[in-house]
Amino acid sequence: MRSFATKRWAGIEGLTLLVVAIGVLTTSSGLILAGIIGFGYAAYTKLWDAPVADVSIDRELGDEAPAPGETTGVTLTITNTGSKWLSDLRVIDGVPPALETIDGPARIGTSLRPGETTTCHYTVSVVRGKHTWDSLRLITRNPSGSRERETVCEVSTTLRCTPPLHAGANLSLHGLTTPYSGRVTTDVGGYGIEFHSTRAYRSGDPLNRIDWNRRARTGTLSTLNFREERAATVILLVDSRKEAYVAAEPTGRNAVERSVDAVATIFSSLISNGDRVGIATMSPTECWIAPQSGKTHTARVQEALATHPGLAPTATEGTLYHTLWFNRFIRRLPADAQVVFCSPFVDDRPIYTARRLHAYGHLVTVITPDETTADTIGDRIAAIERQHRLQTLRGNGIRVVDWGDEPLPTAVMAATQRWSQ
Amino acid sequence: MSGETTSRGQTRQETINRKPAAASSYAAIFLSLLAAAVLVLGSLVGATIAAVGALITTVSVYRGRQKGVTLGALMTTGAIVAAGVLGAPPAPLLGATGCAILAWDIGSSAIDIGQTLGHNADTARLEAVRAAFSLFVTSTTATVGYAIYVLAGDGQPMTALVLLILGAVIIIAVYRQ
Amino acid sequence: MSTTAQRLSVGWVAVFGVLTIGVGFTALLVADVSELLTLTGTFLTLVGLFALVQGVRYTLSGKETDRAHITLGDPEQRKAAPSPGSALTDDVAVIVAGGRSAANRRRKLRTKLRALAVQSLVARRGLSEQNALSKVDTREWPTDRLAVTFLSNTPYPPRDRVRAVLFRQSLDRIAIDRTVTEIETLWNEDEQQQLADRRTK
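What counts, and at which threshold
- Residues numbered from 1 in each chain as written.
- Chains lettered and ligands numbered in written order.
- Predicted model: local features only at pLDDT ≥ 70, side-chain atom pairs only at ≥ 80, totals over all residues.
- Heavy atoms only, no water.
- Helix = DSSP H or I, 4+ residues; strand = E, 2+ residues; numbered from the N terminus.
- Buried < 20%, exposed > 50% of the residue type's maximum accessible area, 1.4 Å probe, protein only.
- Contact = heavy atoms within 4.5 Å.
- Areas by Shrake-Rupley, 256 points an atom, 1.4 Å probe, with all protein chains shown as cover.
- Buried area = accessible area lost by both parts, 1.4 Å probe.
- Polar contact = N/O pair within 3.5 Å; in protein donor to acceptor, adjacent residues only side chain to side chain.
- Salt bridge = Lys/Arg side-chain N within 4 Å of Asp/Glu carboxyl O.
- Pairing = 2+ DSSP bridges.
- Axes fitted to C-alpha atoms, helices over the stretch in contact; angles between N-to-C directions.
- Core = buried A, V, L, I, M, F, W, Y, C linked by side-chain atoms within 4.5 Å.
- Nonpolar A, V, L, I, M, F, W, Y, C, P; charged D, E, K, R; others polar.

A. A look at the overall build of chain B. The number of helices and strands found in chain B is six helices and zero strands. Reading the helices (α) and strands (β) of chain B from amino to carboxyl end gives α-α-α-α-α-α. When each of the 177 residues of chain B is scored for burial, the buried share is 54%. Of the contacts formed within chain B by residues at least 6 apart in sequence, a portion of 73% connects residues at least 24 apart. When the accessible surface of chain B is split by element, carbon and sulfur atoms take 66% of a total near 7700 Å².

B. The interface of chain A and chain B, seen in detail. Each partner contributes residues to the interface: chain A has 72 residues there, and chain B has 61 residues. Of the roughly 5700 Å² buried between chain A and chain B, counting both surfaces, carbon and sulfur atoms make up 66%. The largest contributions to the chain A side of the interface with chain B come from R8, L33 and I37 of chain A, which together make up 12% of the buried area. Summed over the shared surface of chain A and chain B, the number is 14 residue pairs in polar contact (both at pLDDT 80 or more).

C. Structural context of the side chain of R107 of chain A. Relative to the elements of secondary structure, R107 of chain A occurs in strand β6 (residues 107-112). Polar contacts involving the side chain of R107 of chain A include one to the main-chain carbonyl oxygen of T116 of chain B, which spans 2.5 Å. Among the polar contacts listed, one links the side chain of R107 of chain A to the side chain of E76 of chain C, at a separation of 2.9 Å.

D. Representation of the pattern of salt bridges. Counted according to the given criterion, the structure contains 39 salt bridges over all chains. Between R130 of chain B and D88 of chain A there is a salt bridge, and its shortest N-O distance comes to 3.0 Å. In this pair, R130 of chain B sits in helix α5 (residues 124-151) while D88 of chain A sits in strand β4 (residues 86-93), so the two residues belong to two different chains. D88 of chain A carries the same exposure label as R130 of chain B, and that label is buried. The residue R380 of chain A makes a salt bridge to E184 of chain C at a minimum N-O spacing of 3.0 Å. Highlighted residues: R380 of chain A in helix α8 (residues 377-395) and E184 of chain C in helix α9 (residues 171-200), drawn from two different chains. Salt bridges linked by common partners bring R8, D88, R90, R141 and E148 of chain A together with D105, D112 and R130 of chain B together as one network.

E. Inspection of the sheet that holds strand β7 (residues 117-125) of chain A at higher detail. All names here are of chain A. Strand order in the open sheet made by the four strands is β2-β3-β7-β5, with antiparallel pairing throughout. Across the chains shown, the open sheet's two edge strands, defined by having one partner strand only, are β2 (55-61) and β5 (100-103). Averaged over all neighbouring strand pairs, the angle between strand axes comes to 35 degrees, with direction disregarded. Across seven bridges, β2 lies against strand β3 (residues 71-80) in antiparallel orientation. Residue E60 lies in a different strand from β3, and its bridge partner there is T75.

F. Inspection of the nonpolar core at higher detail. With 46 residues, the main nonpolar core has V24 and Y41 of chain A as its most contacted residues. Sorting the residues of this core by element identifies α1 (12-25) and α2 (29-46) of chain A, α1 (22-39), α3 (66-85), α4 (90-116), α5 and α6 (157-175) of chain B together with α3 (41-64) of chain C as the ones contributing at least two each. Among the elements that take part in this core, α6 of chain B stands out by supplying nine residues, more than any other. With 34 residues, the next largest nonpolar core counts A262, A264, I271 and V340 of chain A among its residues.

G. The arrangement of the interface of chain A and chain C in detail. Contact with chain A, which involves 63 residues of that partner, is made by 54 residues of chain C. In total, chain A and chain C occlude about 4700 Å² of area from one another, counting both sides; carbon and sulfur atoms represent 62% of this. Viewed at the interface, chain C and chain A are joined by six salt bridges. With a closest N to O distance of 2.8 Å, D177 of chain C and R380 of chain A form a salt bridge. The interface formed by chain A and chain C holds 16 residue pairs in polar contact (both at pLDDT 80 or more) in total. Secondary structure elements with two or more residues in the side of chain A that touches chain C: β1 (4-5), α1, β4, β5, β8 (129-141), β9 (147-161) and α8 of chain A. At eleven residues, α8 of chain A tops the list of elements feeding residues into the side of chain A that touches chain C. Looking at side-chain class alone, the side of chain A that touches chain C contains 31 nonpolar, 16 polar and 16 charged residues.

Shown next, in the form of structure tokens:
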């Protein structure tokens, strides 16, 4: 960037001339001499331009993959690689938007002669996600501070924070998916609980399925067939449009972050149940992981929940073409899939989504983090509107878990009690 | 990420502390007081006004008000002019002027550093280098001024000075364009 | 401003200035020169006045210049997410302050609150939409004087206006607040009713 005048010394010549003029008119040689200092400064402010910050910067993280809630140190090493003395150098690091600096500002003011090096250290508290530092802002001034120049320096550093999935986090999440859809009993004999049929023993059949009563009676080996249960197919859908990034407290955890937390808990609970679970987002940067089970799938989902841009911890730019998105989503959605839809419901869009999914015959369960407050008049209106939306959903036969400050299983338990009434 | 803990994290509302840089603030306050003290040698009236200027500077630096620091410096300038008009000798006037301009420069930088980098950032080296530059300019110009006074002790100082000033006024007029 | 002629003349003026300073210095150091150049008091005064005028001019223009600086923001802070109703709160602030778009926003907010009131009556009192609408239209609901005035877009009663002027209050703010409270009550009383129902079961 070009340098510009800070106008810091504006008026110094005028003031000096005034003092000197009074000195001349009153023949006070002292004042005229004092004016020399003023003239000296006036000349000093014209000396030199703000230098271009020709520096090399290295950014080092204390831990490149910390756990959520931990802190990590960031160390900047700044070296003047140019030939000019940067007498007034101010460095401001571009901390990623979702991270918060908790110790020391991410800034340093220094003065570097050619070849000199300095370091700056600060600490950030880490939340889930892939966080990238891109640029630093460098501000240089000439010694008098009359001119200033900004230089942007690109240094890319990435921190990945992948929260672990708690396997079988809570059994009380059972009620979320239903035994009546997806988890259907089939007419296929095999493993299971309910008796289906018997057949002749084939070598390799497990011992616990041999009909021992029959063996005792007749002496022949036969194998029991049980009615096979098919696992439920569930898609966990997160509303991560710009509108969904709301929070009761400005720098608190927002609705999307809480939705992702909910998805992580539900995912691990369902997957350990043997269900097939997939992940999707309603967002401009779409995320789609088809429902599956298994360790590889779990690892893939864990990675996506942590770092997928569609689930970023702070709002990203981009517009969502809702109809296009919905059509693509419904095409991909397996016919028997249930949908668990996480959204704060702060606008009407998610209502249409939920209702249309319901109309297509999918069982829809809404989990809605409540970010409304009664702090301001607008928030009160928003709270009523949301209450009305949830009632509309319930009126449409969609199951709603209204999730306030309590732990998710508590909210789910309260909601399932209501459904079973 | 588990649902067991409270779902909303704690929030930290603190922005960075934008109070002026400490070392420079103290230096500026000290220098503004020193200007008043030096002026005692020239004129008591001037010293009194300068003391008010120092007070304004102190309060403004403490509260981080750029305009207040300028007002304090203008007050001290007024005090110097008053002392000069009342016939104060050149030495205390030169001293007070040097202190006043240094107080303004360093005080204003302290506020500026506080605003751009924050009170808690590491700015010691920046402040030291800036102050050193200002001190160098002040002492050099004050020395030149005093040297002229001593050299011209018995000649026609006014004639020479007025020519010098005329030249300075012309050059400033040219440069400002 | 940057024509060659102008640049030349500026250059000559600067040279003249430097020369004057040079002569001044010589006069300072060499007593003979200074004796040659003895200046009259009138000339001194003229130079003084010239400097004074220029000084006043520069000082006044300097007083008006604002400092330029780069805005740095707060990268250390987490990017803030708005609260669900922040846009509405801003609207109310504009309506109360009476800015340029105040009337427009007031109309929009009134339409929104009216719709919300009707929907809430339908949802919570079990009225048909027609009935709910006519209840609001006939000012049967809400019971609060200011809320009903706001919803029906009629002028506030004179006594409220007088009181608002006396106490320096904004009638719009109070009326909007009361309207929201009325709608909130619809939801809360129902909730309480439901709780009571559940207990009696």
